[in-house]
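Residue-level listing of the chains:
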Amino acid sequence: MTYRVSLIPGDGIGPEVTHAAQVVADATGVGIAWEVVEAGEPAIRKDGTPLPDAVLESIRRTRLCLKGPITTPIGGGFRSVNVTLRQQLDLYASVRPARAIAGEGTRFPETDLIVVREATEGLYSGVEHWVDREHSAAETVAVVTRKACDRVIRFAFELARREGRHRVTAVHKANIMKTTGALFQTAFREMAPRYPEIAADERLIDNMCMQLVKKPSEYDVIVTTNLFGDILSDLCAGLAGGLGVAPGALYGDGIAAFEPVHGSAPKYAGQDRADPVAEILCVELLLRHVGEREAADRVFRAVWETIAEKKVVTYDLALPGYTARPVPASTCSAMAREIARKVPEVDLRAPLPRPGAASSGGADPQLEA
Ligand code: NAD
């Protein structure tokens, strides 16, 4: 069987990391026909718009998308292509697994949780305006609907059930946001009893941040609104080893798109330096989604072994803080080739290698470099 997949290389480091992901996907032997469509800066140059209709048409046709990051101008310019894509395709559930790979780059090697974020509304509604001509005051409207709360919360419980997870934690700020927060809270309280085998509890967003940085292994599946989910998923990516290794998925009804948590990292664009792991793990999530479990397991294991060996890793995985001792940095393309080489060879029955004690943690090397 051949799967048709829309591929958006994106901009910044996007073309490099998506190419790396294709190299690894090809190594699995699963038939994938890539339909390449441009969005972001390359599309502006070619078509004069960051999101040509052809992109949405392609994804509506293939129902599957692998996406690279796309730059969003700050404080002006065009509206975020990422937000527009989610809203146009109604990709309502953003799923971000935070798994510490090989116990590296984290103080919390046991981290293994999933953040499910409502991705179409909340404070990302796009309803915002200046209050006066002088631009001395502004308003952004948080739109929260019962329908969107219900479907993302149901999605989180179904995901927990499917993946054998035991707990779903709702995160909100219902004590202060007495309408939007309370609506989400009520939807959660009414949905939870339908899943009696799964523990359900709630945290306020501020408390949740503190709890996560103290003991992330206590949490399993987290479900929350758009802005809180955006922030929490980066926080959890940091707990699990950094942005370079954090994949994400977006689900709508019958459509799934896979993209890394990280952005376009413009300062590394075109240098073959970026860490390809997050985008490669998006391929793993895509394969799992279409039922190619063994291929997905092979990709995950090949990534794990490559990071554990530390022979061919990009700069961020080679710095102290990620490894106990610094190792020479490889390129994005070399790391992708190494992972691809391992994909058909790995032994799925062997225990995953744990390279000694976890490193001491320390600051996120990606942010320091
Ligand atoms: P970023 O994730 O691009 O970068 C944050 C830090 O992590 C930087 O130091 C960067 O160099 C490093 N980094 C990120 N990915 C890396 C990788 N694969 N390998 C090694 N280092 C990596 O975040 P930012 O700088 O806030 O955003 C840059 C642009 O990306 C912005 O325009 C933003 O809007 C956009 N963005 C897009 C998406 C998306 O397409 N889904 C997501 C987040 C940010």
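None of these values were measured; they are calculated from a predicted model. Each chain has its residues counted from 1, running along the sequence as written. Residues qualify for local features only when their pLDDT is at least 70, as the model is predicted, and side-chain atom pairs are given and counted only at 80 or more; totals for whole chains, interfaces and linings, by contrast, use all residues. Water and hydrogen atoms play no part in the side-chain values, which are based on all heavy atoms of the structure.

**Topic: the domain arrangement of the protein**
Taken domain by domain, the protein holds domain 1 (1-107 + 241-369) and domain 2 (122-239). Domain start and stop positions are those given by an automatic or database domain assignment. Taken over C-alpha atoms, the centre of domain 1 sits 24 Å from the centre of domain 2. The contact rule is simple, with two residues in contact once any of their heavy atoms fall within 4.5 Å. Each partner contributes to the interface: domain 1 provides 16 residues, whereas domain 2 provides 14 residues. Defined here as a combined quantity, buried area equals the accessible surface (1.4 Å probe) lost by two parts on assembly, summed across both. Counting the surface lost from both domain 1 and domain 2, the interface buries some 1,200 Å², and carbon and sulfur atoms represent 55% of this. Three residues, Tyr92, Arg96 and Ala98, lead the burial of domain 1 against domain 2; their summed loss comes to 32% of the area buried on that side. Whenever a carboxyl oxygen of Asp or Glu lies within 4 Å of a side-chain nitrogen of Lys or Arg, that contact is scored as a salt bridge. Here domain 1 and domain 2 share one salt bridge between them. Aspartate 90 is paired through a salt bridge with arginine 151; the nearest N and O atoms lie 2.7 Å apart. Contacts described as polar in this section are N or O atom pairs within 3.5 Å, which, within protein, must combine one atom able to donate a hydrogen with one able to accept it, while residues neighboring in sequence count only if both atoms come from side chains. Linking domain 1 with domain 2 are seven residue pairs in polar contact (both at pLDDT 80 or more), by the criterion used here. Sorting the residues of the side of domain 1 that touches domain 2 by element identifies helix 4 (81-88) and strand 4 (93-99) as the ones contributing at least two each. With four residues, the top contributor of residues to the side of domain 1 that touches domain 2 is strand 4. Only Asp, Glu, Lys and Arg are considered charged, only Ala, Val, Leu, Ile, Met, Phe, Trp, Tyr, Cys and Pro nonpolar, and every remaining residue, Gly among them, polar. In terms of residue class, the side of domain 1 that touches domain 2 is built from nine nonpolar, four polar and three charged. Numbering of helices and strands runs from the N terminus; a helix is a DSSP stretch of H or I covering at least four residues, while a strand is a stretch of E covering at least two.

**Quick look at the site of the ligand**
What surrounds the ligand is a group of 22 residues, the closest being Ile70, Thr72, Gly263, Ala265 and Asp275. Between the ligand and the protein, one listed contact pairs an oxygen atom with a backbone N or O atom of isoleucine 70 at 2.8 Å. The contact in question runs from an oxygen atom of the ligand to an N or O atom on the backbone of threonine 72, over 2.8 Å. To measure how exposed things are, a 1.4 Å probe is used in the Shrake-Rupley method; for residues, cover is taken only from the protein chains shown. When the free accessible area of the ligand is taken as 810 Å², the share hidden by the protein chains comes to 77%. Across the shell around the ligand, the residue classes break down as eleven nonpolar, seven polar and four charged. Note on terminology: near, applied to a residue and a molecule or strand, indicates that one of the residue's heavy atoms is within 4 Å of it.

**Topic: the pairing of strand 8 (residues 167-172)**
The buried fraction of strand 8 is high, at six of six residues. Relative accessibility under 20% of the residue-type maximum defines a buried residue, over 50% an exposed one, and the middle range a partly exposed one, all with a 1.4 Å probe and only protein chains included. A two-sided burial pattern is seen for strand 8, the buried positions comprising Arg167, Thr169 and Val171 on one face and Val168, Ala170 and His172 on the other. Between any two strands, pairing holds if DSSP finds at least two bridges. Summarising the sheet, strand 8 and strand 9 (residues 199-204) pair through six bridges and their orientation is parallel. Directly across from threonine 169, in strand 9, lies its bridge partner aspartate 201. Bridge analysis of strand 8 against strand 10 (residues 221-224) gives four bridges, and the strand direction is parallel. Each bridged residue has a counterpart across the sheet, and for alanine 170 the counterpart in strand 10 is valine 223.

**With respect to the sheet that holds strand 2 (residues 31-36)**
Overall, mixed pairing links the ten strands, which are arranged 2-1-3-12-11-4-5-10-8-9 in an open sheet. Unpaired on one side and paired on the other, strand 2 and strand 9 mark the two borders of the sheet. Each strand axis lies, on average, 25 degrees off the axis of its neighbour in the sheet, ignoring direction. Note that strand 5 (residues 112-118) and strand 10 share four bridges and pair parallel. From the neighbouring strand, isoleucine 114 faces strand 10, where its bridge partner is valine 221. Angular values range over 0 to 180 degrees, each being the angle between N-to-C directions of two axes fitted as lines to C-alpha atoms, with helices fitted over their stretch in contact. Those strands touched by helix 9 (residues 277-289) are strand 1 (2-8), strand 3 (64-67), strand 4, strand 11 (247-251) and strand 12 (256-260), and its axis lies near 160 degrees from that of strand 12.

**Section: the pattern of salt bridges**
Applying the stated criterion across every chain, the model contains 26 salt bridges. Note that glutamate 284 and arginine 99 form a salt bridge whose closest N and O atoms lie 3.0 Å from each other. Taken as a pair, glutamate 284 in helix 9 and arginine 99 in strand 4 lie far apart in primary sequence, 185 residues in all. Since its relative accessible area comes to 1%, glutamate 284 is described here as buried. Take arginine 99: its relative accessible area is 17%, and that puts it in the buried class. Connected through salt bridges with shared partners, the residues Glu309, Glu338, Arg341, Lys342 and Glu345 form a single ionic network.

**Focus: the pairing of strand 11**
With five of five residues buried, strand 11 lies mostly within the body of the structure. When strand 4 meets strand 11, the two strands line up antiparallel, connected through three bridges. Following the sheet pairing, serine 94 is matched in strand 11 by leucine 250. If you look at the hairpin formed by strand 11 and strand 12, you'll find four residues sitting between the two strands, and glycine 254 has a positive phi there, around 80 degrees.

**With respect to unusual backbone geometry**
You will see that arginine 63, though not glycine, has its phi angle at about 65 degrees, which is positive. For arginine 63, the location among the structural elements is in the loop between helix 3 (53-62) and strand 3. Given the relative accessible area of 34%, arginine 63 is considered partly exposed. The phi torsion at aspartate 90 lies on the positive side, around 50 degrees, for a residue other than glycine. Residue position: aspartate 90 is located in the loop between helix 4 and strand 4. Judged by relative accessible area, aspartate 90 falls into the partly exposed class, the value being 28%.

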